[in-house]
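Structural overview for review
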Amino acid sequence: IYFKTLNHFTRHPCDNYFTYQDNSCSAPFYLAFKKIGGKNLIAFQNGIRNKKEGIDGSCFDCLFAMNQFSVDLYKECKSIIKNFEIIGSMNIYNNPKLIEKKPISIDILFIDQGFPSTDLEKYLELTSFTFNDLKRYLADIKKFSAKFPNLKIGYQLRPYPEKFSHILEDAIKWFEGTSVEIFYKNKTYDSYKKIQESKIVVTIDSTIGLESLSLG
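The structure reproduced in this document is the subject of the present report. (Residues numbered from 1 in each chain as written. Predicted model: local features only at pLDDT ≥ 70, side-chain atom pairs only at ≥ 80, totals over all residues. Heavy atoms only, no water.)

1. Some words on the environment of A32
Counting through the fold element by element, A32 comes out in helix α2 (residues 27-35). The exposure class assigned to A32 is buried, which follows from its relative accessible area of 0%. Taking the C-alpha atoms as reference, A32 lies 8.7 Å from I1; in sequence the two are 31 residues apart. Apart from residues no more than four positions distant in its own chain, A32 is found in contact with Y2, T5 and L6. (Helix = DSSP H or I, 4+ residues; strand = E, 2+ residues; numbered from the N terminus. Buried < 20%, exposed > 50% of the residue type's maximum accessible area, 1.4 Å probe, protein only. Contact = heavy atoms within 4.5 Å.)

2. Section: unusual backbone geometry
Positive phi, normally seen in glycine, also occurs at K78, with a value near 60 degrees. Mapped onto the elements, K78 comes out in the loop between α3 (68-76) and β5 (80-81).

3. Comments concerning the sheet that holds strand β10 (residues 198-202)
Taken in spatial order, the four strands make up an open sheet running β9-β8-β7-β10, and their pairing is parallel. Each edge of the open sheet carries a strand with a single partner, namely β9 (180-183) and β10. Taken pair by pair, the neighbouring strands of this sheet meet at an average axis angle of 25 degrees, ignoring direction. Relative to strand β8 (residues 153-156), strand β7 (residues 106-111) runs parallel, the two being bridged by four bridges. (Pairing = 2+ DSSP bridges. Axes fitted to C-alpha atoms, helices over the stretch in contact; angles between N-to-C directions.)

4. Examining the nonpolar core
With 17 residues, the main nonpolar core has L41, F60, L63, Y74 and I81 as its most contacted residues. For L63, the contacting residues outside a window of four places in its chain are D22, A43, Y74, I81, N83, F84 and E85. Counting 16 residues, the second-largest nonpolar core is a separate cluster that includes F115, L157, A171 and V180. (Core = buried A, V, L, I, M, F, W, Y, C linked by side-chain atoms within 4.5 Å.)

Encoded structure:
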């Protein structure tokens, strides 16, 4: 990491480096940036962090964090944070329309954490949960919808690339014959709009859980 970063900044030197990958600001990366004369490494947090992700010893001149918990977690993992600001979700911060109230049309919205179909690992890296966890999550949604048929239940799919269209087909087959309505993500903020229309949002270890709380 050190030499790869050193080579990059040798070719592209800069005073201030902004990154949206806060979990990639390792000590070797930081040292290489400083070696070439970099002044400020500035990172925006782009997801929930936990101790399993190897964030130990991260280094920031400034961290724009989602919440105080993330800052405390980084410090607990022996990270160096010279300055920080709590700004919440970048998506919501830059799109104030997302906090406008909308009529509720969904009782419970389940968020797709990656549909356990063939080739999923080629598209999505599973870190804090496994294939079996995903299958249990989906099985529980099915059981729940059968037990409470009067509830309006939605399942918000993530935007899978065209070459993974078979994952979408498997999701449709899985919920066939149930009361669960599948929602596709065609535009950037489709999932946020569905969250605005829902009473309850269910997710596993996803940043969108924090964002749902922010949206009320």
